[in-house]
Amino acid sequence: MRLKRVLAACLVTSMIFGLTACGKSGTSDKADSSTTKGDNKSYDKIVYSYATFNNIPEASVLDTVEEAINEITREKIGVEVELLPIAIADYTSNVALGLQGGDQIDCFQTLGNFNVAVSSNMAYDLTSLMDTCAPETKELLGENFLAACKKDGKQYAIPTYKPYALTPMIIYRQDIADELSIDMNTVKSIYDLTPVLEQVKEAYPNMTPLIPCQTGDSGMGRTIAQVDYLTDDLFSPKGVLIGDDMNVTDLYSTEEFSKLCDLTRSWYNDGLIMKDAATTTSTATELMSSGNSFCYIASYSYPTEDTAASLEGQCGNVDLGAVQIGDAYLATDSICAVSWMVSSTSKKPEAALKFLNLTFTDKDIINLLIYGIEGRDYVKVDNDYVAYPEGQSAATVPYTAQLSCGTLGNFFLMYPMVGTNLESLAWEEEQNVKAKTSPAMGFLFDSSSVKTEYTAVSNVINQYLPGLSCGSVDPATALPEFINKLNAAGYDKILAAKQTQLDEWIKNNK
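All figures in this text were calculated on a predicted structure; none of them were measured in a lab.

Caption draft 1: Geometry of the nonpolar core. Ile 170 and Met 184 are the most contacted members of the largest nonpolar core, which totals 81 residues. Top element by residues in this core is helix H16 (residues 451–470). It accounts for 8 residues. Other than its neighbours up to four places away in sequence, Ile 170 contacts Met 184, Val 187, Leu 193, Cys 295, Tyr 296, Ile 297, Gly 321, Ala 322, Val 323 and Ile 325. In this structure, Val 61, Val 81, Val 386 and Phe 412 belong to the second largest nonpolar core, which totals 62 residues.

Caption draft 2: Looking closely at helix H13 (residues 349–361). Between the first and last C-alpha of H13 there are 18 Å, a value that for 13 residues agrees with the 18 Å anticipated at 1.5 Å per step. H13 sits mainly inside the fold: 10 of its 13 residues count as buried. Three or more residues of H13 are buried, namely Pro 349, Ala 351, Ala 352, Leu 353, Phe 355, Leu 356, Asn 357, Leu 358, Thr 359 and Phe 360.

Caption draft 3: Spatial organisation of the environment of Gln 501. Its place among the elements puts Gln 501 in helix H18 (residues 491–508). Sequence-wise, Gln 501 and Leu 444 are 57 residues apart; in three dimensions their C-alpha atoms are separated by 8.7 Å. Each residue touching Gln 501, except ones within four places of it in the same chain, is listed here: Phe 443, Leu 444, Phe 445 and Asp 446.

Caption draft 4: Summary view of helix H3 (residues 91–100). Along H3, the positions that sit buried rather than exposed are Tyr 91, Asn 94, Val 95, Ala 96, Gly 98 and Leu 99. On its buried face, H3 sits against strand E2 (42–52), strand E3 (79–87) and strand E4 (107–111). Trailing H3 by a residue or two, Gly 102 shows a phi angle of about 90°, which is positive.

Caption draft 5: Looking closely at unusual backbone geometry. Although it is not a glycine, Asn 121 adopts a positive phi angle of roughly 60°. Residues other than glycine seldom take positive phi values, yet Thr 231 does so here, at roughly 85°. Turning to its location among the elements, Thr 231 is positioned in the loop between strand E10 (227–228) and strand E11 (241–242). The exposure class assigned to Thr 231 is partly exposed, which follows from its relative accessible area of 32%.

Caption draft 6: Representation of the pairing of strand E15 (residues 338–342) in the model. Counting buried positions along E15 yields 5 of 5 residues, so the element is predominantly enclosed. Residues Val 338, Trp 340 and Val 342 line one face of E15 and the alternating positions Ser 339 and Met 341 line the opposite face, and both faces are buried. Examined bridge by bridge, E4 and E15 share 5 bridges and lie antiparallel to one another. If you follow Leu 111 over to E15, its bridge partner there is Val 338.

Caption draft 7: Looking closely at the packing of helix H6 (residues 135–147) against H13. Relative orientation of the contacting elements H6 and H13 amounts to 45°, with a least axis distance of 8 Å. Judged on the interaxial angle alone, H13 and H6 are oblique. Of the two elements, H6 crosses H13, and the hand of that crossing is left-handed. Across from Pro 135, Glu 136, Thr 137, Leu 140 and Leu 141 in H6, the residues of H13 making contact are Asn 357, Phe 360 and Thr 361.

Caption draft 8: Representation of the pattern of salt bridges within the structure. All told, the structure shown has 15 salt bridges when counted by the stated rule. One salt bridge connects Asp 217 with Arg 222, and the closest N-O pair in it is separated by 2.6 Å. Taken individually, Asp 217 and Arg 222 each receive the classification buried, so the pair is uniform in this respect. With a closest N to O distance of 3.7 Å, Glu 453 and Lys 493 form a salt bridge.

Caption draft 9: Geometry of the sheet that holds strand E8 (residues 167–173). Strands sit in the order E9-E12-E8-E13 across an open sheet of 4 strands; the sheet is mixed. Either end of the sheet is taken by a strand with one partner, and the two such strands are strand E9 (208–210) and strand E13 (320–324). The sheet shows a mean angle of 25° between the axes of neighbouring strands, direction not considered. Two strands pair when backbone bridges link them, and E8 and strand E12 (residues 293–300) are joined in this way by 6 bridges, in the antiparallel orientation. If you follow Pro 168 over to E12, its bridge partner there is Ser 299. The sheet contacts of helix H8 (residues 194–203) involve E9 and E12, and relative to E9 the element is tilted by about 170°.

Caption draft 10: Region of the structure containing the environment of Leu 444. Looking at the secondary structure, you find Leu 444 in the loop between strand E18 (436–437) and H16. Residues Leu 444 and Asn 55, spaced 389 residues apart in sequence, show a C-alpha to C-alpha distance of 34 Å. Beyond its immediate sequence surroundings of up to four residues, Leu 444 is in contact with Phe 114, Asn 115, Ala 148, Lys 150, Lys 151, Thr 231, Thr 332, Cys 336 and Gln 501.

Caption draft 11: Representation of the packing of aromatic side chains. Counted according to the given criterion, the structure contains 17 aromatic pairs. Aromatic side chains Tyr 252 and Phe 257 sit 5.3 Å apart centroid to centroid with 80° between the ring planes, which places their arrangement in the edge-to-face category. Both residues of the pair, Tyr 252 and Phe 257, count as buried. Here Tyr 252 and Tyr 491 contribute two aromatic rings whose centre-to-centre distance is 6.4 Å and whose plane-to-plane angle is 40°, an arrangement assigned as tilted. Taken together, the residues span a long stretch of sequence, with Tyr 252 in the loop between E11 and helix H9 (255–269) and Tyr 491 in helix H18 at a distance of 239 residues. By way of ring pairs, the aromatic residues Phe 145, Tyr 161, Tyr 164, Phe 411 and Phe 412 are connected into one cluster. Residue placement shows Lys 259 over the ring face of Tyr 191; its charged tip is 5.1 Å from the ring centre. If you follow Lys 275 out to its NZ or CZ, it ends over the ring of Tyr 268, 3.9 Å from the centre.

Analysis parameters
- Residues numbered from 1 in each chain as written.
- Predicted model: local features only at pLDDT ≥ 70, side-chain atom pairs only at ≥ 80, totals over all residues.
- Heavy atoms only, no water.
- Core = buried A, V, L, I, M, F, W, Y, C linked by side-chain atoms within 4.5 Å.
- Buried < 20%, exposed > 50% of the residue type's maximum accessible area, 1.4 Å probe, protein only.
- Helix = DSSP H or I, 4+ residues; strand = E, 2+ residues; numbered from the N terminus.
- Contact = heavy atoms within 4.5 Å.
- Expected span 1.5 Å × (residues − 1).
- Pairing = 2+ DSSP bridges.
- Axes fitted to C-alpha atoms, helices over the stretch in contact; angles between N-to-C directions.
- Parallel < 35°, antiparallel > 145°, perpendicular 65-115°, else oblique.
- Left-handed = near helix turned anticlockwise from the far one by under 90°.
- Salt bridge = Lys/Arg side-chain N within 4 Å of Asp/Glu carboxyl O.
- Phe/Tyr/Trp six-rings, centres within 6.5 Å; stacked < 30°, edge-to-face > 60°.
- Lys NZ or Arg CZ within 6 Å of the ring centre and 35° of its normal.

Right, dumping it as structure tokens:
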């Protein structure tokens, strides 16, 4: 059960890379801007569209969840809500097409496309409405988190409240470490990992000591401390900030990047990393499930013990451990990747924002959205935990959106599934407050002025970065060649454009 809760929040950062899901998708065709009930009271009618990783429920089932929600919202905010779940694979495109076609969608979420939604005028400017329609959410999130969803000083979205801060970790075979008397707690950085890999290689010549987190990603880039990718990501950085320095930096020309390339090259030459790590299509969990891999480097937002326990089921129920090799860090993209917007076409933006406010502050509302109807879709195990009814699962209950728990409203108000460590939930929420935060929190780069250069530079990065990350090319020759080709593709124009926009942002946000 613990696995399902952790998976849900992890899926948030994975879904934009092409996850698929089954089920009905579509847009609303039955909602009006208002409706009148038999008690002669009139309510604003809004449509709340959300992405689901679970099956789309039957219409009659969805109606029961809607009615349970509306029993609360009619009294609290004078609003009736129509739910519009869309399969994750179709969500972003269906919402965009629906809004373009004039369908009523009042609330929708971004899935890594905040900039696109704002620049294409899909989002309503919420700035003047926050104090009157969502004051509790404003207080809950605070200015730093809300700033991540601003553009040109305007509030266009509210970020989902969940564990944000990602921490680099080594996920490893605990049984092998115990057998070889390896104390993984002595591994404090990626540079401490080499002797461990060598020991595993000596004891198990046919075992792969280190596998990639995913294709072309050895995990090395995740260990560079305090990097803000300034609207890019670790798979294709194009000008970054490091630490508190507000000068846009070419990551590939830094000493740290060069040292990491040398490290992974030495691993490759010594047979310590998977030979086809740069090109394999197998996931880390698949490779761990084979029983012939020792460890991988990835980033998670959970305590090490919970992370390892939750991954065991995905990795073939092998005995896993996890050790932290860096500190949690919050950059702008950590916050705005999954956020909630009111559509620019909404006829009832105040009502829409009031409902979004409830998804962040009302425990009954968010748990109806996630779990459905108590007794039918889930059961209370005790005061703290819930489970699926006996003999049922996420695949068989009439309604559940449980695998979307890291994407809707307030994660910390959701009932934890049996097996979740409540102390871990408190730790996760604490990390959102304590984690080091980028000084550029709230800055969003508009790449439209360097669109051609962005495409050309991305192609060069895709050509060179996987091999450098995984050690399959010699950095002594490949790294200078990589940098030369970046410059020829117009990399300097991207760096200059980012710096110009960042300087302007700093001036306006002193």
